[in-house]
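An overview of the molecular structure
Now for the letters of each chain:
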Amino acid sequence: MENWDLIIIGAGAAGLSAGIYATRSGLKTLIIEEKLAGGTTSDAPVVENYPGFAHIAGGELAQNMVLHCRKTGVTIHELETVSALKLDGEEKTVTTHKGEYTAKAVIIATGSHYRELGVPGEKEFRGKGVSYCAVCDGPFFKGKRVLVVGGGNSAATAILYLSGVVGEVVAVHRRHAFRAEEALMKDIASKTNVQVFLNTEIKEVKGEKLVNKVVLLDNKSGETRELDVSAVFVQVGEDPNSQIAREAGVEVNEHGYIKIDIYQKTNLPGVYAAGDVTNHPVKQVGTAVGQGITAALEAYAYIKQPYYRK
Ligand code: NAP
């Protein structure tokens, strides 16, 4: 059993920022991450709205954060999955598939996972042409026609990235307009190898060993057609990774996002949450960083009870 001041679960933008501030404040801090450190920022083709970086690949920005965090002395355990939490009471216990740890405070920064479409063929062809990460899988489709589904910022950034990597991008969105930033939509309009179909839904992914077509529905005219594509990039939002926290008594809202106050406090004393797993209405790298910082400083105040916070 290892004892820590603070355990942060998740090494994305929120968790890493919390780690930097916690360690610099003097807390003995452990971050536990089930994948590799960096979080979903790593999957962003390009980030153009994180202050100080007019244009940076998501992977590079994420790795800068990881390096910075390690440099401050945070211990990061990668590829370690948290299986249970005990968060009531003064001493918190974090159980993973490798061991058990205790801490005086815990920050939950477990982020979110990609939402699925739920159409026939999606599960069957996952990894065989159906992808949720344009940066990871786009380069496999050089010169090919691919489909992007979704109408938010994720879909827009994926369209832009893929337009520079594959032959042709067809984008479909179920509504009459995207909800992505205007700057992104202007860039998309300037791309000659991008076609956007609005009021269009994907009904099925088809193929043999690999994806080779999709069935599309024009939800205005009611017409259905098939389109030859080599890949389908699903970019339809995300759902929070809050299950383990929920099972430990942390309150979530009706969509499963952890409820926090302006200090990132959850309903349990000494338990904080930050980033995409929370019910904060804005999901950006910058807001995740800010939430992580607030959570770390509040955890510090909770543990050390400094005179200026009494
Ligand atoms: P999002 O903003 O929630 O948008 C999801 C899109 O997918 C919506 O257009 C939605 O359609 C559509 N959709 C949802 N379920 C669908 C389904 N079953 N079939 C077809 N379409 C479906 O999600 P996101 O784009 O992944 O972004 C998540 C958060 O991260 C947002 O807060 C976003 O601003 C942020 N983000 C920011 C950036 C950036 O600033 N550059 C980049 C990426 C993500 P409706 O419009 O009909 O609901």
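Per chain, residues are indexed from 1 in the order of the written sequence. Owing to the predicted nature of the model, reporting of local features is limited to residues with pLDDT of at least 70; listing and counting of side-chain atom pairs is limited to 80 or more, with chain, interface and lining totals taken over all residues. Computation of side-chain values covers all heavy atoms of the structure but excludes hydrogens and water.

1. A closer look at the domain arrangement of the chain
The extent of an interface is frequently quoted as the accessible surface area lost upon association of the parts. Heads up, the rule is: Where each domain starts and ends comes from a domain assignment, either automatic or drawn from a database. When checking whether two residues touch, look at their non-hydrogen atoms; a contact exists if any pair is within 4.5 Å. The buried area of a pairing is the accessible area, by a 1.4 Å probe, that goes missing from both parts when the two are put together, added over both. Salt bridges are identified by distance alone: a Lys or Arg side-chain nitrogen within 4 Å of an Asp or Glu carboxyl oxygen. Any pair of nitrogen or oxygen atoms within 3.5 Å is treated as a polar contact; in protein, a donor-acceptor pairing is required on top of that, and neighbouring residues in sequence qualify only through side-chain atoms on both sides. Any residue outside Ala, Val, Leu, Ile, Met, Phe, Trp, Tyr, Cys, Pro, Asp, Glu, Lys and Arg is labelled polar, Gly included; the first ten of those are nonpolar and the last four are charged.
Each domain of the chain was delimited in the assignment, giving domain 1 (2–114 + 238–309) and domain 2 (130–234). Taken over C-alpha atoms, the centre of domain 1 sits 32 Å from the centre of domain 2. Counting residues at the interface gives six residues for domain 1, matched by nine residues for domain 2. Among the residues of domain 1 in contact with domain 2, Asp-43, Pro-45 and Tyr-114 are the three that bury the most area, contributing 66% of the side total. Across the contact surface, domain 1 and domain 2 share zero salt bridges. Linking domain 1 with domain 2 are one residue pair in polar contact (both at pLDDT 80 or more), by the criterion used here. Its residues assigned to classes, the side of domain 1 that touches domain 2 shows three nonpolar, two polar and one charged.

2. Observations regarding the pattern of salt bridges
The condition that has to hold: Counting from the N terminus, the helices are DSSP H or I runs at least four residues long and the strands are E runs at least two residues long.
Under the criterion given, the structure shown has 11 salt bridges. With its nearest N and O atoms 3.0 Å apart, the salt bridge here joins Asp-5 to Lys-104. Pair noted here: Asp-5 is in strand E1 (residues 2–9) and Lys-104 is in strand E6 (residues 100–108), with a separation of 99 residues, a long-range link. Salt bridges linked by common partners bring Glu-116, Lys-123 and Arg-126 together as one network.

3. So, the sheet that holds strand E13 (residues 211–218)
To keep things clear, this is the line we draw: At least two DSSP bridges between two strands are required for those strands to pair. Here an angle of 0 to 180 degrees is reported between the N-to-C directions of two axes, which are lines fitted to C-alpha atoms, with helices fitted over the stretch in contact.
Across the sheet, which stays open at both edges, the three strands sit in the order E12-E13-E14 with antiparallel pairing between neighbours. The open sheet has two edge strands with one neighbour each: strand E12 (200–207) and strand E14 (224–228). Mean inter-strand twist for the sheet, computed between neighbouring axes without regard to direction, equals 25 degrees. Sheet analysis places E13 next to E14, joined by five bridges and oriented antiparallel. From the neighbouring strand, Leu-217 faces E14, where its bridge partner is Thr-224.

4. Considering the site of the ligand
Put simply, the test is: Working definition: residue near molecule or strand if any one of its non-hydrogen atoms lies within 4 Å of it.
Taken together, 17 residues are adjacent to the ligand, and Asn-49, Ser-154, Arg-174, Arg-175 and Arg-179 come closest. Residue classes in the shell around the ligand are distributed as two nonpolar, 10 polar and five charged. Looking at which domains feed residues into the shell around the ligand, each of domain 1 (2–114 + 238–309) and domain 2 (130–234) gives three or more.

5. Considering the pairing of strand E10 (residues 168–172)
For clarity, the cut-off: Classification of residues uses two cut-offs on accessible area relative to the type maximum, computed with a 1.4 Å probe and protein chains only: under 20% is buried, over 50% is exposed, and between them is partly exposed. Every crossover in which the path from the first strand over the helix to the second runs clockwise, viewed with the strands pointing away from the viewer, is termed right-handed.
Extensive coverage of E10 is indicated by the burial of four of its five residues. Across five bridges, the pairing between strand E9 (residues 145–149) and E10 is parallel. From the neighbouring strand, Leu-147 faces E10, where its bridge partner is Val-170. With helix H4 (residues 153–163) bridging E9 and the parallel E10, this β-α-β connection has right-handed handedness. Bridge count for E10 against strand E11 (residues 194–197) is four bridges, and the pairing is parallel. If you follow Ala-171 over to E11, its bridge partner there is Val-196. The parallel pair E10 and E11 is bridged by helix H5 (residues 182–189), and the resulting crossover is right-handed.

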